[in-house]
Amino acid sequence: GDPLRLLYVGRLAHQKGIPYLLEGLARARSSPILRIVGDGPDRIALERVASDLGLVARVEFKGWARREQLPGNYEWADAFVLPSLEEGMPNVVLEAMAAGLPVIATDIYGNRDLVEPGRNGFLLPTANPDAIAGAIDELAANPALLRSLGSGGRVTAMGRRWEGVAEKYQDALTQAVTSQSRPPLRSLADDR
């Protein structure tokens, strides 16, 4: 019966696509609430957009948070949203997944490496408020899907822990060094 609680963590700048998130929030039938954690050059403009869309009561601009404050924000949320127009490998997506949150993200390079539709979240077209609204409403209407995607995200995040990544690199390097299919090393003297 409670409204779906959405979380965005990051810089408030153009490339993050937050105006599309706010429009999607306004179009969602389920009346979700959104907490925005972060700051940046677009904050005042985004607060104005939220006001113009009639979202003042449903959007909370928390400002920048210290690292130790982030877990409480992830615990508060039901789902994480990252509507970026461009992104590298977003650590916030892994943090949200580690907290057991399904992720609604745009189908761009860095997000594609982490979000698997149907397993841990949604990949949506960029700059598409209707797609954002649809994903929000789907999660709001289906608590079992919310839990399933959240669990899938946790599995994804645990597979990307530093220890696991380092082990994969070590295995790849060991395989490359011990591979029988590589040509023998030659010295510069062999070329004379």
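Because the structure is a prediction, the values reported are computed rather than measured. (Residues numbered from 1 in each chain as written. Predicted model: local features only at pLDDT ≥ 70, side-chain atom pairs only at ≥ 80, totals over all residues. Heavy atoms only, no water.)

### Overview of the environment of Leu85
Worth spelling out the cut-off: Elements are defined by DSSP. Helices are runs of H or I of four residues or more, strands are runs of E of two residues or more, and each kind is numbered from the N terminus. Buried, partly exposed and exposed residues are distinguished by accessible area as a fraction of the type maximum, computed with a 1.4 Å probe on protein chains only: under 20%, between the cut-offs, and over 50%, respectively. Throughout, a contact is declared for two residues whenever any of their heavy atoms are within 4.5 Å.
Structurally, Leu85 is set in the loop between β4 (79-82) and α4 (91-98). Accessibility expressed as a relative area gives 27% for Leu85, which makes it partly exposed. With near-sequence residues (within four places) excluded, Leu85 lies in contact with His14, Gln15, Lys16, Gly17, Tyr20, Ile108, Thr126 and Ala127.

### With respect to α4
All of the buried residues in α4 are Val92, Val93, Leu94, Ala96 and Met97. For α4, the secondary structure elements touched by its buried residues are β1 (5-9), α3 (70-76), β4, β5 (103-106), α5 (109-112) and α7 (143-159). Within two residues after α4, Gly100 carries a phi angle of roughly 80 degrees, on the positive side.

### Considering unusual backbone geometry
Of all residues except glycine, most have a negative phi; of all peptide bonds, most are trans. Here the phi dihedral of Ser31 falls at roughly 55 degrees; this positive angle occurs in a residue that is not glycine. Tracing the backbone through its elements, the reader meets Ser31 in the loop between α1 (18-27) and β2 (33-37). Ser31 gets classed as partly exposed once you look at its relative accessible area, which sits at 38%. Even without a glycine there, the phi angle at Ala127 is positive, about 55 degrees. One can find Ala127 in the loop between β6 (121-124) and α6 (129-141).

### As for the pattern of salt bridges
Oppositely charged side chains can pair when the atoms bearing their charge come close. Note the threshold: Put simply, a salt bridge is a Lys or Arg side-chain nitrogen that is within 4 Å of an Asp or Glu carboxyl oxygen.
Counted according to the given criterion, the structure contains 13 salt bridges. The closest approach of N and O atoms between Arg66 and Glu68, which form a salt bridge, is 2.7 Å. A relative accessible area of 57% places Glu68 in the exposed class. Measuring nitrogen to oxygen at the nearest pair gives 3.0 Å for the salt bridge that ties Arg119 to Glu116. Of the residues examined, Glu116 reaches a relative accessible area of 36% and is grouped as partly exposed. In the salt-bridge network here, residues are joined through shared partners; they are Glu23, Arg27 and Asp130.

### What about the sheet that holds β6?
The test is simple: Here a strand pair is declared whenever DSSP counts at least two bridges between the two strands. Under this scheme, a helix contributes an axis fitted over its contacting stretch, all axes are lines through C-alpha atoms, and angles between N-to-C directions fall in the 0 to 180 degree range.
Taken together, six strands build an open sheet; the order of strands is β3-β2-β1-β4-β5-β6 and the sheet is parallel. Across the chains shown, the open sheet's two edge strands, defined by having one partner strand only, are β3 (59-63) and β6. Along the sheet, successive strands turn relative to each other by an average axial angle of 20 degrees, direction set aside. In terms of strand pairing, β1 meets β2 through five bridges, oriented parallel. When the sheet's bridge partners are listed, Val9 is paired in β2 with Val37.

Keep in mind these numbers describe shape, not what the thing actually does.
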